[in-house]
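Commentary on secondary and tertiary structure
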Amino acid sequence: VSHNLNSSETIESALKSIGMKAVLDKDALLAEDPKNKQPAKIHWWSLGVAGVTAALAELIELFPHQLFQFSNKWIVISLVFSSILSGGLTTYKKGWIALRNGNLNMNALMSIAVTGAMAIGSLPEAAMVMFLFSIAEVIEAKSLDRARNAISGLLDLTPEIATVLQPDGTWLSVPVKTIQLGAIIQVRPGERIALDGVVISGNSTVNQAPITGESLPIDKTQGDTVFAGTINQSGSFQFKVTAESTGSTLARIIHAVESAQGSRAPTQRFVDQFAKIYTPTIFSIALLVALVPPLAFGSPWHDWFYKALVMLVIACPCALVISTPVTIVSGLAAAARKGILIKGGAFLEAGRHMKVLALDKTGTITHGKPKQTDLIILGGEAKHTHQVAASLAARSDHPVSLAIADSAAENNLSLIEVDKFEAILGRGVRGTLEGVTYQLGNHRLIEELGLCSPEIEAQLLPLEQQGKTVVMLTNSSQVLALIAVADTVRDTSKQAIKDLHHLSIRTMMLTGDNVYTAEAIGQEVGVDVIKGNLLPEDKLKIIDEILNKNPDGKVGMVGDGINDAPALAKASIGFAMGSAGTDTAIEAADVALMDDDLRKIPSFVRLSQTTANILYQNITLALGIKAIFFALTFTGQATMWMAVFADMGASLLVVANGLRLLRN
């Protein structure tokens, strides 16, 4: 909380009134380091004590003579109070805060109902209901501290040391945080780039997937931009720093994840939404029952106060409290069996409201791994030309070369020995095979060799318009073959998009890849909207805009990379590719698809719909039974035994109904 008050006492007092602790920012700087934050602890031992003592109280109440030869009244009272003190103090505290602030939520109703149950002598039931409610709260509240883990993972991407040019011309390793704008940094092969900058000398190939999500590494030469957190694959170069550590692209991603987590609208549990109506209604009816007959008709206060408390016990949301976690946990277990890991029941409940789903391209719709798609022979014998290209490619570790070599292996082509092999940085490779010198390289290399022609350009253009990377094999006099490499669509992606459309969910593809590649892939799988050349903040901005335009509808985001983390954190429901995805994406997301099959998202939505239907059924069952016993209470026929039986019966019914989700 930022403020311009002379004292923060007013703010601290306001926060304290709702059970929160305020810490001055200067005292909290260390705690704000994501690496130092610890998830909230759950005191399982106290819950265990609450459960055991509540169960013992129930047993002693049901079988008094079999267990004791003397009065067990004080033993039951001791066990009940031990149970409620162990497991229910938090509920009482939240209930008191809610009542004090005029908010009749589920905690308030539970506090009143349990107190009323004890007042009219239903002690074991009071303890058991409080214990079950505490368990339900733990099940619902226990989730990963995603923001902490996601941001820690991002921080690990930035090297702490970089090699910087000194005024005397020497190179020195210095902490990244101390490097100023305009400094010259040297990057060696395999190193992670420390800061944003512009290449001033040398050339190399850089894997930008962590930041932009591009499926293929990008060649970098003088004048090109490089980003902090990306990986230099081959060659060495020097770049001039254009942004300090706090203003780099990676730093902006970290800030975007933090902001998205903080500004994200909370997904509310169905039981909380229901409690907004149920709790005040029940409390008002019980209050009227206690006050109206004595005041209006002169009836005995004790009788109607007793009836009001009986009503609160009957109205006690035990069946609802049990049904929600049983149904949700059954749904979570059913999802896990399908390879869908959901980080909390609130996201399972929210899935049915999803109206828009945004998808990353690389590693999500596609495999994220380049593959040879086209081989056009322009000269020489086809098999021999293919062998020559594969033999040269097999000597390089560039992803495009690896794709060509893999294709040759799949076609069982034998390789030819390569002599005088050399890598031409930013261009391709050269080598001698069977006494003939060949080059395998990009468009730039062919231009420099003087072997390009209008005919070659005419064959290149359609391949490049499909978003493919094209390399060419040449000898000293002509281009012998064009080989196209591209990231390929997953077999399941088309069906997944089709299923989403059947569920009336609008789809859009957000990718850092170029527009040609984005259009080609998007049209192939059938997404509704295609957007390319996006940085992480662009994806976040688009998700934010959709949320603002559709305040009532949930927006999903699917991704696998660090560059997707801000959008995943901001979306109503973030889906991460659990197998291919980065740790940061998985931490920032709410749902992980363990085998990277997009068809699991429609399954998730259908499961969410079924879960909601069962929750509605459970509420109808529980309230229907309670309504009958409410009527019996007004006529004076309902006893506490009948009320407890009704509550237990309703609980068993809703539990059995909730467990149906575990069926296939």
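Above this text is the structure in question.
Okay, so let's go over this structure.

Scoring rules and cut-offs
- Residues numbered from 1 in each chain as written.
- Predicted model: local features only at pLDDT ≥ 70, side-chain atom pairs only at ≥ 80, totals over all residues.
- Heavy atoms only, no water.
- Helix = DSSP H or I, 4+ residues; strand = E, 2+ residues; numbered from the N terminus.
- Contact = heavy atoms within 4.5 Å.
- Areas by Shrake-Rupley, 256 points an atom, 1.4 Å probe, with all protein chains shown as cover.
- Polar contact = N/O pair within 3.5 Å; in protein donor to acceptor, adjacent residues only side chain to side chain.
- Pairing = 2+ DSSP bridges.
- Salt bridge = Lys/Arg side-chain N within 4 Å of Asp/Glu carboxyl O.
- Buried < 20%, exposed > 50% of the residue type's maximum accessible area, 1.4 Å probe, protein only.

So, about the overall build of the protein chain. Tallying secondary structure elements over the protein chain gives 27 helices and 22 strands in all. Pairs at least 24 residues apart make up 67% of the contacts formed inside the protein chain by residues separated by at least 6 positions. Counting every atom, the protein chain has about 31,100 Å² of accessible surface; 57% of that belongs to carbon and sulfur.

A separate point is the side chain of Thr53. Along the chain, the position of Thr53 falls in helix α3 (residues 44-62). Polar contacts involving the side chain of Thr53 include one to the main-chain carbonyl oxygen of Ala50, which spans 3.2 Å. Side-chain polar atoms of Thr53 contact the backbone nitrogen of Ser83, separated by 3.4 Å. The residues contacting Thr53, other than those within four sequence positions of it, are Leu79, Ser82 and Ser83.

Turning our eyes to something else, we now look at unusual backbone geometry. Outside of glycine, negative phi angles account for most residues, and trans bonds account for most peptide bonds. The phi torsion at Ser504 lies on the positive side, around 65°, for a residue other than glycine. Inspection of the secondary structure assignment puts Ser504 in the loop between α21 (493-502) and β18 (506-510). Residue Asn533 is not a glycine yet carries a positive backbone phi of 55°. Its location among the elements puts Asn533 in the loop between β19 (529-531) and α23 (536-549).

Sheet analysis places strand β13 (residues 419-424) next to strand β14 (residues 428-433), joined by four bridges and oriented antiparallel. Counted as the bridge partner of Asp419 is Thr432 from β14. The loop that links β13 with its antiparallel partner β14 comprises three residues; one of these, Gly426, has a positive phi angle of about 75°.

Strand order in the open sheet made by the six strands is β2-β1-β3-β9-β4-β7, with antiparallel pairing throughout. Looking at the sheet topology across the chains shown, the edges are occupied by β2 (171-175) and β7 (225-226). Bridge count between strand β1 (residues 161-165) and β2: five bridges; the pairing is antiparallel. Paired with Ala162 across the strands is Val174, a residue of β2.

This brings us to the pattern of salt bridges. Considering all chains together, one arrives at ten salt bridges under this definition. Arg430 is paired through a salt bridge with Glu422; the nearest N and O atoms lie 3.2 Å apart. The class for Glu422 is partly exposed, based on a relative accessible area of 38%. Taken together, the shared-partner salt bridges connect Asp360, Lys539 and Asp564 into one network.

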